[in-house]
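Results of the structural survey
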Amino acid sequence: MALAFLASLAAGSTGMSIGRALSLLFNRDGSVDEALIFNVRMPRASLAALVGVNLAMAGVLIQTLTRNPLASPQTFGINAGASVGIVFLAMVFPPFGALGNVIPAFIGASIVGFIMWALSLDGKANNMKIALSGITIQLVLSALIQGVLIADNSTQDIIFWLVGSVSTAQWPKVFIILPFTVIGGIGAILAARYIGVLALDRITSQSLGQYPKNVAALTCALILILACPAVAVAGPIGFVGLIVPHIVRFFAGEDQRALLILSALGGALLLCSADLAGRVFAYPAELPVGILTALLGAPAFLIIAARKRVR
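Quick look at the structure, then. Here, residues in each chain are numbered from 1, in the same order as that chain's written sequence. Confidence filtering applies because this is a predicted model: local features only for residues at pLDDT of at least 70, side-chain atom pairs given and counted only at 80 or more, and all residues used for totals across whole chains, interfaces and linings. Processing note: side-chain calculations cover all non-hydrogen atoms of the structure and skip hydrogens and water entirely.

What about the overall build of the protein?
Each helix is a run of H or I in the DSSP string that is no shorter than four residues. Each strand is a run of E no shorter than two, and both are numbered from the N terminus. Across its full length, the protein holds 14 helices and zero strands. Walking the protein from its N terminus toward its C terminus, one meets helices and strands in the order α-α-α-α-α-α-α-α-α-α-α-α-α-α. Taken over 311 residues, the protein has a buried fraction of 50%. What makes two residues a contact is simply this: any of their non-hydrogen atoms within 4.5 Å. Long-range contacts, defined as pairs at least 24 residues apart, comprise 74% of the intrachain contacts of the protein with a sequence gap of at least 6. Only the protein chains shown count as cover for residues, and the accessible areas themselves come from Shrake-Rupley with a 1.4 Å probe. Of the roughly 14600 Å² of accessible surface on the protein, 69% is carried by carbon and sulfur atoms. The buried label goes to any residue with under 20% of its type's maximum accessible area, the exposed label to any with over 50%, and the partly exposed label to all in between, with areas taken from a 1.4 Å probe on protein chains only.

Written out as structure tokens, the structure reads:
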């Protein structure tokens, strides 16, 4: 993670060595390189890391809450719900801004999240049906967003935002998401011993002295606290919350606290690396990070779905 962060500071149209970037972090010399790092590249790398942390931890919580290995903020339509709220706000109250996006993101994501949670409580619906329901909701909402944008002849900024990108990162965006990352992340880690029991059935949870409804409500709140600000500042970046928890489980098992902490690091690593790859491989242009995570995540989703179906 540290290496990816430093590489992100060094890479760009004005290249510099990792050693030079590292030295400027501790010995500021007033040079152009210093301004480039502290005003452009560091907020971008920081935003990518924080968004990765939020989405990966939200993915762990959704999978635990629903006991569904195919669950993630994207496959459950939470990203799309947040996007609908933000786009409608941008239509009514322009200009488009990250801070004002957080509340409508919460509203839109909460509505979709409640619907998906209700579906997950139905014993007749298996994991694949629930995942397909979430994807269907996402497709419907995405079509609605596209229709609104076409009818309103909206700006390119919103369309680019919907792809999912950290290229417009600035310190204000970092400071918007940072409190939610701290509150949601620490809250999830402190409540990990209770949230982990949700992976068991309701009767077993109650026999262990848990209050499943209360813990589930707390988990839903933490999911929204983590996922909604990430969508607000960087757009609906997909598949991070699906890929990272499965990779981490391979190494860390099912211990909820370890899974959350390592997924946070893994999410930050994935987003920083994807953003770096998008700048390096498409130079002098760049690929939005949302495209790269989709290219990685779509095959991963199919592999996970196939494995679960076989089992």
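Observations concerning helix H4 (residues 78-92)
To estimate how far a helix should reach, multiply one less than its number of residues by 1.5 Å. For H4, spanning 15 residues, the distance from its first C-alpha to its last is 22 Å, which sits close to the expected 21 Å at 1.5 Å a residue. Within H4, 11 of the 15 residues are buried, leaving the element largely enclosed by the surrounding structure. Regarding H4, the residues found buried are Ile 78, Asn 79, Ala 80, Gly 81, Ala 82, Ser 83, Val 84, Gly 85, Ile 86, Val 87 and Ala 90.

A word on the environment of Ile 189
The residue Ile 189 is located in helix H8 (residues 171-190) in this model. By relative accessible area, which is 24% here, Ile 189 ends up partly exposed. Not counting residues up to four positions away in its chain, the partners in contact with Ile 189 are Met 57, Arg 257, Leu 260 and Ile 261.

Concerning the pattern of salt bridges
Salt bridges, as used here, are contacts in which a Lys or Arg side-chain nitrogen is within 4 Å of a carboxyl oxygen on Asp or Glu. Scanning all chains against the criterion turns up six salt bridges. The shortest N-O distance in the salt bridge between Arg 20 and Asp 33 comes to 3.4 Å. In this pair, Arg 20 sits in helix H2 (residues 18-26) while Asp 33 sits in helix H3 (residues 32-66), placing the two residues 13 residues apart along the sequence. With a relative accessible area of 28%, Arg 20 lands in the partly exposed category. Taking the shortest distance from any N to any O, the salt bridge between Glu 34 and Arg 28 comes out at 3.0 Å.

Re the side chain of Thr 293
Along the chain, Thr 293 turns up in helix H14 (residues 289-310). Between N or O atoms, a polar contact is any pair within 3.5 Å; within protein, one atom must be a potential hydrogen donor and the other a potential acceptor, and residues adjacent in sequence are included only when both atoms are from side chains. A distance of 3.2 Å separates the side chain of Thr 293 from the backbone oxygen of Gly 238, its partner in a polar contact. Other than its neighbours up to four places away in sequence, Thr 293 contacts Ile 237, Gly 238, Phe 239, Val 240 and Ala 274.

That is the geometry; function is a separate question.
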